[in-house]
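# Architecture at a glance
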Amino acid sequence: MPARIAVVGHVEWVEFIQLPGFPARGGITAGDGAFTHAGGGAVVAAAVLAELGHPVDFFCALGRDADGEAAAAELSARGITVHAAWRPPPTRRVVTLLEPAGERTIITLGERIEPHGADPLAWERIDEAAAVYVTAGDAAAVTQARRARTLVATPRARDGLQASHATIDALVYSRGDADERRWAQPLIGRTRLMVETEGAHGGRWWGESEGRWPPVALPGPRRDDYGCGDAFAAGLTAGLADGLALLEAAGVGAERGAEMLTRVGAP
């Protein structure tokens, strides 16, 4: 039986619009197609973990609106156990423009709604989790997440991570993202392993140990890089939950990230 894994983070309702090319300023471009579904880093990670066969407990906050209800239903249909705190503000909406070469441009509408540790959710289920991946939440939510054996996080959860005193086992960030690199810096002192992805060049980790993992060949044509970083983090979290060494766990993450590149509007 695969290990139980928890995800603590945010949900967005995303409209994906496929374009033949990015529109020029002031111009008009006809889209090649459009579709909507739940998205955001935590959703990508939860979906990848479920596809890998892991039981997933997903802790989040949603607006009490049609988008929030649709997101919860979609995640539940994937076999993910949703623990949602319902809020008055609307669920955050996102427009993602997808270009033929795989580049995505993201436009957010509204504030990100995050889970709080004080929310009356079944936090005790994290006691049964071999690992947890955190993308958003207040300091108390991060403390709740620390109940898992292994805590993996993205520096995009910076406010909660910085305000808490929780030790982070692995902090995953992109070398090519200046914001993520900057947000990761204050967390170095209480992070066991800094995990830096380098896209097509693989990546490296450093801290209690150090090393590199090699890149993975794409299993098909590159179509869309939406969610690749969180897919990598999900694979890494799954590998660590299964007791793999970091090099092997990073290999699982690299495979998931490469596979996501071949999908449109992942997961």
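See the structure above.
Think of each chain on its own: its residues are numbered from 1, step by step along the sequence as written. Local features are withheld for residues below a pLDDT of 70 in this predicted model, meaning they are given only at 70 or higher, and side-chain atom pairs are given and counted only at 80 or more; totals for whole chains, interfaces and linings count all residues. As a rule here, side-chain values cover all heavy atoms of the structure and leave hydrogens and water aside.

### Let's talk about the pairing of strand 6 (residues 93-98)
- Exposure classes here rest on a 1.4 Å probe applied to the protein chains alone. A residue is buried below 20% of its type maximum, exposed above 50%, and partly exposed in between. Helical segments are the DSSP runs of H or I of at least four residues, strand segments are the runs of E of at least two, and each set is numbered from the N terminus. Judged by how many residues are buried, strand 6 sits mostly within the fold: five of six residues are covered.
- Whether two strands pair depends on DSSP finding at least two bridges between them. When strand 2 (residues 12-18) meets strand 6, the two strands line up parallel, connected through six bridges. When the sheet's bridge partners are listed, F16 is paired in strand 6 with T96.
- Relative to strand 7 (residues 104-109), strand 6 runs antiparallel, the two sharing six bridges. Across the sheet, R93 pairs through a bridge with L109, a residue of strand 7.

### A few points about the nonpolar core
- Take the buried Ala, Val, Leu, Ile, Met, Phe, Trp, Tyr and Cys residues and link them wherever side-chain atoms come within 4.5 Å; each set so joined is a nonpolar core. Residues F58, V195 and L236 are the most contacted members of the largest nonpolar core, which totals 53 residues.
- Among the elements that make up this core, the one with the highest residue count is helix 6 (residues 228-241) (nine residues).
- Residues in contact with F58, not counting those within four places in the same chain, are V7, G9, H10, V11, A42, V43, A46, L75, I80, T81, V82 and H83.
- One finds A6, A61, L121 and A129 within the second-largest nonpolar core, a separate group that totals 27 residues. Note on definitions: a residue-residue contact is assigned when non-hydrogen atoms from the two residues lie within 4.5 Å.

### Describing the sheet that holds strand 3 (residues 33-39)
- The four strands are arranged 3-2-6-7 in an open sheet whose pairing can be described as mixed. The open sheet has two edge strands, strand 3 and strand 7, and neither has a second partner. Averaged over neighbouring strand pairs, the angle between their axes works out to 20° when direction is ignored.
- Sitting on the sheet, helix 2 (residues 66-77) touches strand 2, strand 3 and strand 6, and the angle it makes with strand 2 is about 85°. The axes are straight lines fitted to the C-alpha atoms, using for helices just the contacting stretch, and the angles between their N-to-C directions are given from 0 to 180°.

### Points about the pattern of salt bridges
- The term salt bridge refers to a side-chain nitrogen of Lys or Arg lying within 4 Å of a carboxyl oxygen of Asp or Glu. Scanning all chains against the criterion turns up 23 salt bridges.
- With a closest N to O distance of 2.8 Å, R64 and E69 form a salt bridge.
- In this structure E69 comes out as partly exposed when scored by relative accessible area, which is 38%.
- In this structure, R156 and E180 form a salt bridge, with 3.1 Å as the shortest nitrogen-oxygen distance. In this pair, R156 is assigned in the loop between strand 9 (150-153) and helix 4 (158-163) and E180 in helix 5 (residues 178-184), connecting sequence segments 24 residues apart.
- Taken together, the salt bridges that share partners define one network made up of R4, D57, R125 and E128.

So yeah, pure geometry; function would need other evidence.
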